[in-house]
Amino acid sequence: MRHRQIDSLDEQILKLIASNARIPFLEVARVCNVSGAAIHQRIQKLVNIGVLKGSEFIVDPEKIGYETCAYIGLYLKNPEQFDGVVKALEDIPEVVECHYTTGQYDMFIKIYAKNNHHLLSIIHDKLQPLGLARTETLISFHEAIRRQMPIPEMASDDAEE
């Protein structure tokens with residue numbers, strides 16, 4: 001699937017801001033050899049078409065007391081309860097991701113807990129009452145890789161047509 005709304009300038013902008021979200025727009029303009037106004041317009045276009053989904057500061061959970069990261073596969077008693085379970089998961093602040101999946105789990109979530117005792121409490125007191133048949137928990141010892149998706153060479157794709 002080609003994304004014709006993105007050209008080589010957009011690609012260059014995306015590469016710059018993906019590597020440093022705090023880079024000033026005027027610096028992006030200088031590197032791209034266009035005006036600051038052009039960069040503002042392009043970034044707004046990328047937001048409007050959904051390529052960019054905002055910017056954020058990332059809080060290190062460990063630095064604020066959440067030392068345990070776990071991935072939990074959820075098996076629902078009744079798979080028709082997906083929407084209700086997702087709504088309930090949104091109210092559990094320790095749940096930071098939720099995915100519908102194929103394979104053995106109905107859903108897969110990522111949570112942060114202060115320690116293993118807190119993790120157990122979350123599973124028993126907050127997750128089990130949601131109508132789960134069971135859960136399967138994997139604890140992450142250390143995040144080895146975390147990165148953005150690379151920006152593909154879209155300009156060269158356009159040349160192939």
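Our subject is the structure listed above.
Residues numbered from 1 in each chain as written. Predicted model: local features only at pLDDT ≥ 70, side-chain atom pairs only at ≥ 80, totals over all residues. Heavy atoms only, no water.

Peer 1: So what's going on with the packing of aromatic side chains? Which residues, and what values?
Peer 2: Pairs of aromatic rings are described using the distance from one ring centre to the other and the angle between the two planes. Scanning all chains against the criterion turns up 4 aromatic pairs. The interplanar angle of 15 degrees and the centroid separation of 6.1 Å between the aromatic rings of Tyr71 and Phe108 together place this pair among those described as stacked. With Tyr71 in strand 1 (residues 68-76) and Phe108 in strand 3 (residues 107-113), this residue pair connects regions lying 37 residues apart in the sequence. Of the residues examined, Tyr71 reaches a relative accessible area of 27% and is grouped as partly exposed. Both rings, one in Tyr75 and one in Tyr105, keep their centres 5.4 Å apart while their planes meet at 70 degrees; by these two values the pair is edge-to-face. (Phe/Tyr/Trp six-rings, centres within 6.5 Å; stacked < 30°, edge-to-face > 60°. Helix = DSSP H or I, 4+ residues; strand = E, 2+ residues; numbered from the N terminus. Buried < 20%, exposed > 50% of the residue type's maximum accessible area, 1.4 Å probe, protein only.)

Peer 1: Any details on the side chain of His118? Residues and values, ideally.
Peer 2: Position of His118 among the secondary structure elements: in helix 5 (residues 116-127). We classify His118 as buried; its relative accessible area is 16%. The contact partners of His118, leaving out residues within four places of it in the chain, are Tyr66, Glu94 and Ala113. (Contact = heavy atoms within 4.5 Å.)

Peer 1: Let's hear about the pattern of salt bridges: which residues, and what values?
Peer 2: With the rule as written, the count across this model stands at 7 salt bridges. Between Asp10 and Lys45 there is a salt bridge, with the nearest N and O atoms lying 2.5 Å from each other. With a gap of 35 residues between them, Asp10 in helix 1 (residues 8-19) and Lys45 in helix 3 (residues 36-48) connect regions that are remote in the sequence. A relative accessible area of 0% means that Asp10 is categorised as buried. Given a relative accessible area of 27%, Lys45 falls into the partly exposed group. Of the charged contacts in the structure, one is a salt bridge between Lys15 and Glu11, with a shortest N-O distance of 3.3 Å. You can see Lys15 and its partner Glu11 sitting in helix 1, 4 residues apart, about one turn around the helix. Overlapping salt bridges bring together Asp7, Asp10, Arg42 and Lys45 as one network. (Salt bridge = Lys/Arg side-chain N within 4 Å of Asp/Glu carboxyl O.)

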